[in-house]
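Analysis of the macromolecular model
This is what each chain is made of:
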Amino acid sequence: MAVLTKLSWAIVDEGHLPSIAQASYLNLILNTAAHHAANSNARGWNMATVFDDIGNDSAGIFRGLWPYWMDKSNSISNSFELDGMFLLTAPNMSGKSTLMRSTAAAALLTNCGLCAPVGE
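Fair warning: this is a prediction, and the values are worked out from it, not measured in the lab. Along each chain, residues carry numbers from 1 onward, in the same order as the chain's sequence is written. In keeping with the model being predicted, local features are shown solely for residues with a pLDDT of at least 70 and side-chain atom pairs are shown and tallied solely at 80 or more, while totals for entire chains, interfaces and linings include all residues. Side-chain figures throughout are based on the complete set of non-hydrogen atoms in the structure, without hydrogens or water.

Helix and strand counts for the protein come out as 3 helices and 2 strands. The way it works is that DSSP assigns letters per residue, a run of H or I at least four long becomes a helix, a run of E at least two long becomes a strand, and they are numbered from the N terminus. Mapped in sequence order, the helices and strands of the protein form the string α-α-β-β-α. Radius of gyration here is computed from C-alpha atoms only, and the compact-globule reference equals 2.2 Å multiplied by the residue count raised to the power 0.38. A compact globule built from 120 residues would reach a C-alpha radius of gyration of about 14 Å, whereas the protein, at 22 Å, exceeds it by more than 25%. When its C-alpha atoms are laid out on the principal axes, the protein stretches across 70 × 35 × 25 Å. Counting only residues that meet the buried cut, the protein has 18% of its 120 residues in that class. The protein carries 6 positive and 9 negative side-chain charges, and their two centres are separated by 13 Å. For every residue, the accessible area obtained with a 1.4 Å probe (protein chains only) is divided by the maximum for its type, and the residue is called buried under 20%, exposed over 50%, and partly exposed between those limits. None of His or the chain ends enter the tally, which takes Lys and Arg as positive and Asp and Glu as negative. Taken as the charge location is NZ of Lys, CZ of Arg, CG of Asp or CD of Glu.

Pasting the structure below:
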């Protein structure tokens, strides 16, 4: 027990604690990115393309988008372009909320530089 106490005081006194905390934080980030990549690959997710075209009025183009919580083979993919304001109407239980949640998740993941449930 005395050895561990001396070691802990040495780490604190010599200023190594911030380096250990930063290394731990970096390990967490890299581990999360590795898990995302592995799970994305297993689910068939792809890197979406972000277009930064000044002359284009489109907010986003989604091709082959499917709900992130469903398997690709059990869902119907959607392709559309967001180029203005939309009023999405349909009967109850027709997938309006599913489409909106899928679009928001894909846009967020894509802007973070991560894989999203979109076609190739």
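The next thing to look at is the side chain of threonine 103. Tracing the backbone through its elements, the reader meets threonine 103 in helix α3 (residues 96–111). On the accessibility criterion, threonine 103 (12% relative accessible area) is buried. Each polar contact in these results corresponds to two N or O atoms within 3.5 Å; when the atoms are within protein, one needs to be able to donate a hydrogen and the other to accept it, and residues that are neighboring in sequence are counted only if both atoms are side-chain atoms. A distance of 2.7 Å separates the side chain of threonine 103 from the backbone oxygen of leucine 99, its partner in a polar contact. By definition, residues are in contact when any of their heavy atoms lie within 4.5 Å. Residues contacting threonine 103, with those up to four places away along its chain left out, are Phe62, Leu65, Phe80 and Leu82.

On to the packing of aromatic side chains, then. Centres within 6.5 Å make a pair out of two Phe, Tyr or Trp rings, where for Trp the six-membered ring is used; the pair is then stacked when the planes are under 30 degrees apart, edge-to-face when over 60, and tilted otherwise. Overall, the coordinates contain 2 aromatic pairs when judged by the stated rule. Between phenylalanine 62 and phenylalanine 80, the aromatic rings sit 5.4 Å apart at their centres with planes inclined by 35°, giving tilted as the arrangement. In this pair, phenylalanine 62 sits in strand β1 (residues 60–65) while phenylalanine 80 sits in strand β2 (residues 78–82), placing the two residues 18 residues apart along the sequence. Between tyrosine 68 and tryptophan 69 the ring centres are 4.8 Å apart and the planes differ by 90°, which places this aromatic pair in the edge-to-face class.

To continue, consider the nonpolar core. In these notes, a set of buried Ala, Val, Leu, Ile, Met, Phe, Trp, Tyr and Cys residues joined through side-chain atoms within 4.5 Å is what counts as a nonpolar core. The biggest cluster of nonpolar side chains holds 9 residues, and these are Trp45, Phe62, Leu65, Trp66, Ala106, Leu109, Cys115, Ala116 and Val118. Secondary structure elements with two or more residues in this core: β1 and α3. Not counting residues within four places of it along the chain, the set of residues in contact with alanine 106 comprises Phe62, Leu65, Ala116 and Val118.

Turning next to the state of the cysteines. Any two cysteine sulfur atoms within 2.5 Å of one another count as a disulfide. A full pass over the atoms with the stated rule returns 0 disulfides. Free cysteine: cysteine 112, not disulfide-bonded; nearest cysteine sulfur from cysteine 115 at 12 Å.

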